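Chain and residue survey
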Amino acid sequence: MRNLSGVRPDPMDHSRFTVDPWRLVETDVDQGDIGLSETLFAVANGYLGMRGNPEEGRPSFAHGTFVNGFHETWPIKHAEHAFGFAKTGQTLVNAPDAKVLKLYIDDEPLTFGSADLESYERVLDFRDGVLRRSLIWRTPSGKRVLIESTRMVSMAQRHLAVLSLEVTLLNGSAPVVVSSQILNRQDGRDEYHMRETAMGAGVDPRKASAFDERVLLPRMHYATDPRMLLGFECAQSGMTIAVAADHRVTTPDPYEVVHRAEDDLAKTVFRVDATEGNTLRVEKVIAYHTSNSVPVRELADRCDRTLDRAARYSVADFHAEQRAWFEGFWRASDVEILGADQSTELTALQQAIRFNLFSLAQATARVDGLGVPAKGVTGSGYEGHYFWDTEIYVVPFLTYTQPDVARNVLHFRSVMLPHARQRAHEMAQKGALYPWRTINGEEASAYYAAGTAQMHINADIAYALMKYVHASGDVGFLVREGIEILVETSRMWADLGFWRHYKGADEFHIHGVTGPDEYTTVVNNNLFTNVMARFNLEQSVDAVNLIREQFPAEFQRIAARLDLTDDEVAEWSRCAEGMRIPFDEGLGIHPQDDSFLDREVWDLSATPDTLRPLLLHYHPLVIYRFQVLKQADVVLALFLQGDRFSLEEKRADFEYYDPITTGDSTLSAVVQSIVAAEVGYHQVAFQYFLDALYVDLMNLHGNTVDGMHIASTGGVWSALVFGFMGMRDHGARLSFDPRLPVQWPGLRARVRWRAARMLLELTQDRLQISVEDGSDEPVPLLVRGTAYSVKRGEPIVVPLADQGPRIDGRIQLHPQVGGTRPDGSTITAAVPHPVPHIDGQVDGGEVPVFDTDHHP
């Protein structure tokens, strides 16, 4: 078993973070983890994201305002170039920062870290997505000042952000200055005009990007009453952006306004002769617009339209609109621990669950045809790229709770198809091959072994597509867009693989690929890849037949456009039926690939924590020589294609792979939790769930400063619904086999199936399913193999004799050794020892820290 963190059910510091089922509440400022808190208190809507930096600008670890897809390109320089290597890097740009509202009292700036704060509270409310802060500052001159602020990125209005600041002198009178700014931090200076800290104290400008030259080229700027604007064009990608802000000021005291604008800074300054007891209120309404091609002048016009429309409403109106949006979100998506209000420990877990679900909303709600970056829009980690994480970890949540958003995300993959066709051509393959990591559709992974070789991304997209179609019943999307994805990905598999007479049978083999586990690369017949490719091929055949039968006219057009023949479809069926699925009779397990068992086992139980994660302490070739996993691979296949494996096979595979899975990736714990629950290791399942639940709240992987781990937040939902609720939909048939943790009285969740939104209520002795709204048509389903039908007004209650098999304790920490390979040799375990430096440091001990989920 990997080195589980041992996270307690209630691990957070409640002297600083209050337990609240609906809010993340901070009651003290800790300068030691400002980067973490900037991520946790970010506000976003999937298109626009603002990190939780203070309005005053300082102190900050990493400033960030990000717009999904707004990126710069740069040529990837390979030390040794080869044909087909990725050529163009893509990096998310730090967009102009419009959240700055600097405050001066008696010409003294409010700066956290040095300010004397009598009280402080910062609250991120999951019910309305508004970040609120309240504090009392005792100034150097002895003034006591009440300062209250709000920050919101609108879910209802994609391009809009709304800020407010209230300042009240509690004793005495003083001059008050509020400097509202739009600031280009990417190329310019910070709010104190210092270049070296423009991006934040934790960002080294020498390492921030691959850019030697200016990124954002000034194209427009102005500051007037009441509006100011900056507009830029990216130097290489040609993308454009315009950011504009309006202001409203209310105060009974006299004040004056000063405007200023230059290339990288626009600001509006309010100078107030404030008197004791009077409140100065500044409201700032901001619009962000971006484009791949249109000029900044057009984007400025769009900002004008957005702000002119917003001017008709108050901040209170926007907050009410936001609360209404979230009410709908929680009606469709909330997952509740029953009895949480009776226990502080359960309330803390409920808080953490809702934080993860809230983060999913912030990452996906308004992607509107874009992808979902691995960090959402809360940080610059992974350079803002889209990965397979979206389809396997995020889209399932959307499919069963927010199907319209799921369709938007899948539509993005349809738009990307021409690039995928071009990439397949570069790789000498037919059909389409989706890029491993990308923003604009081009492959951006410079390390092919753990990047481009992960061709399973094709099948992952097909998997998410067909799960959406089956769950939503949206056959129209399949006909319009989905079928083209299925046809082109199936063509790639049929061309990539080959037939081989193997052990008396003809098998379809796929060689030279990498599975989800990036510690084992470029192998033959990776089990996950083959199992998922088989599903891809089978679903393509079924979809072609469905469209042929139910939409004959559309089928004729599709077949003509794609040059699709019956022989080709029949070939896909043969490839799927003959797909090689590795299995070792001696060990009774599915090897991860054809040569996986030939390797020596890495003994993680004897590997010190100082050598974790492995990729930061060992050369990749050292890791590749061992049986050791970065993340679940075979075990992920057991979950996604669970109807193709018996419970006994799943248990044997889980017991073999768990001790050699490091969990160096945040993508692993949720999958191990789900499969552990299914095979009976309920305590292991619960511990893995906690590891996933707190991966960002407790910064368990040490890189939450770079943004939220959005795939892990999606996996938390999967662990709850697929793991503990035991929901599956293999064969387009909804089924349940619950595994409720012994610690919990019950669990309540909502899922959508076709037109019906269902409420699931699970306790230790029963499962109740009811239809809350939607269609009056009955929903057929299975509970532990028994067929039921549920419809509106007629809930079903199924008694449960147990929560499935329960095996107490942990799986052995030591890997399974002593088994015999087919050649008669014995499987052994070891730990490679790095060579010490002269200074006594272990080789690799002094390494740069970077994100470990996708990089080799």
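Everything numeric in this text was worked out from a predicted model, so none of it was measured. Think of each chain on its own: its residues are numbered from 1, step by step along the sequence as written. Restriction of local features to residues with pLDDT of at least 70 applies here, the model being predicted, together with a cutoff of 80 or more for giving and counting side-chain atom pairs; totals for whole chains, interfaces and linings are based on all residues. Calculation of side-chain values draws on the structure's entire complement of heavy atoms; hydrogens and water are dropped beforehand.

A word on the overall build of the protein. A tally of regular secondary structure across the protein gives 18 helices and 34 strands. Taken against the 2.2 N^0.38 rule, which gives 29 Å for 856 residues, the C-alpha radius of gyration of the protein at 28 Å falls within 12% of a compact globule. Based on the C-alpha atoms only, the size of the protein along its principal axes is roughly 90 × 75 × 60 Å. Burial statistics for the protein: of 856 residues in total, 62% are counted as buried. Summarising the internal contacts of the protein: among those between residues at least 6 apart in sequence, 69% fall at separations of at least 24. For the protein, the exposed surface amounts to about 30200 Å²; the carbon and sulfur share of it is 49%. A positive count includes Lys and Arg, and a negative count includes Asp and Glu. His and the chain ends are not counted in either. Where a charge lies is defined by one atom per residue type, namely NZ (Lys), CZ (Arg), CG (Asp) and CD (Glu). Taking the average place of the 82 positive charges on the side chains of the protein and the average place of its 117 negative ones, the gap between the two points comes to 3 Å. Helix numbering and strand numbering both begin at the N terminus, where a helix is a DSSP run of H or I of at least 4 residues and a strand a DSSP run of E of at least 2. C-alpha atoms define the radius of gyration in this analysis, and the globule rule sets the expected value at 2.2 Å times the number of residues to the power 0.38. Exposure categories follow from relative accessible area, calculated using a 1.4 Å probe and restricted to protein chains: below 20% of the type maximum is buried, above 50% is exposed, and the middle band is partly exposed. Whether two residues are in contact is decided by their heavy atoms, any of which lying within 4.5 Å being enough. Computed by Shrake-Rupley with a 1.4 Å probe, the accessible areas treat only the displayed protein chains as cover when residues are assessed.

Here we take up the sheet that holds strand β21 (residues 335–338). Spatial strand order, β21-β28-β29-β30-β33: five strands in an open sheet with antiparallel pairing. The sheet terminates laterally at β21 and β33 (796–799), the two strands that pair on one side only. Within the sheet, the average angular offset between the axes of one strand and its neighbour, ignoring direction, is 20°. Across four bridges, the pairing between strand β30 (residues 766–773) and β33 is antiparallel. Across the sheet, residue Q768 finds its bridge partner in β33, namely V797. The criterion for strand pairing is that DSSP finds at least two bridges linking the strands in question. In this analysis an axis means a line fitted to C-alpha atoms, helices contributing only their contacting stretch, and an angle means the value between N-to-C directions, from 0 to 180 degrees.

The subject of this paragraph is helix α15 (residues 647–657). Two residues of an α-helix separated by three or four positions point the same way, owing to the 3.6 residues in each turn. Turning to α15, its buried residues are K650, D653, F654, Y656 and Y657. Within α15, the buried residues cover an arc of 165° as seen down the axis, which keeps them to one side. Where α15 is buried, its residues contact β24 (600–602), β25 (626–627), α14 (634–640), α16 (669–679) and α17 (682–693). Note: the arc covers the axis-to-C-beta directions of the helix.

Let us now look at the pattern of salt bridges. Each reported salt bridge corresponds to a side-chain nitrogen of Lys or Arg within 4 Å of a carboxyl oxygen of Asp or Glu. For the structure shown, the criterion picks out 63 salt bridges. In this structure, the salt-bridge partner of R644 is E538, at a minimum N-O distance of 3.0 Å. With R644 in the loop between α14 and α15 and E538 in helix α10 (residues 527–550), this pair connects stretches of sequence that are 106 residues apart. Given a relative accessible area of 32%, R644 falls into the partly exposed group. One salt bridge connects D737 with R739, and the closest N-O pair in it is separated by 2.8 Å. One continuous salt-bridge network, built from bridges that share partners, spans R421, E484, E488, R491, R561 and E568.

Any Phe, Tyr or Trp ring, taking Trp's six-membered ring, that has another such ring centre within 6.5 Å forms a pair; planes under 30 degrees apart are called stacked, those over 60 apart edge-to-face, and the others tilted. Under the criterion given, the structure shown has 36 aromatic pairs. Judged by centre distance (5.8 Å) and plane angle (10°), the rings of W325 and F329 are stacked. Here F329 and W325 lie together in helix α3 (residues 315–333), a separation of four residues that amounts to about one turn. When its relative accessible area of 25% is taken as the criterion, W325 is described as partly exposed.

The pairing of strands in a sheet comes from backbone hydrogen bonds and takes either a parallel or an antiparallel form. Strand order in the open sheet formed by ten strands is β1-β2-β10-β11-β12-β13-β20-β17-β16-β15, and the pairing between neighbours is antiparallel. Sheet topology places β1 (17–18) and β15 (216–223) at the edges, where each strand pairs with a single neighbour. Summarising the sheet, β1 and strand β2 (residues 23–26) pair through two bridges and their orientation is antiparallel. Along β2, the bridge assignment pairs T18 with V25. Packing of helix α2 (residues 296–310) onto the sheet brings it into contact with β13 (160–169), β15, β16 (227–234), β17 (240–250) and β20 (279–291), and relative to β17 it is tilted by some 30°. Helix-sheet contacts for helix α4 (residues 344–364) involve β1, β2 and β10 (116–125), and the interaxial angle to β2 is about 105°.

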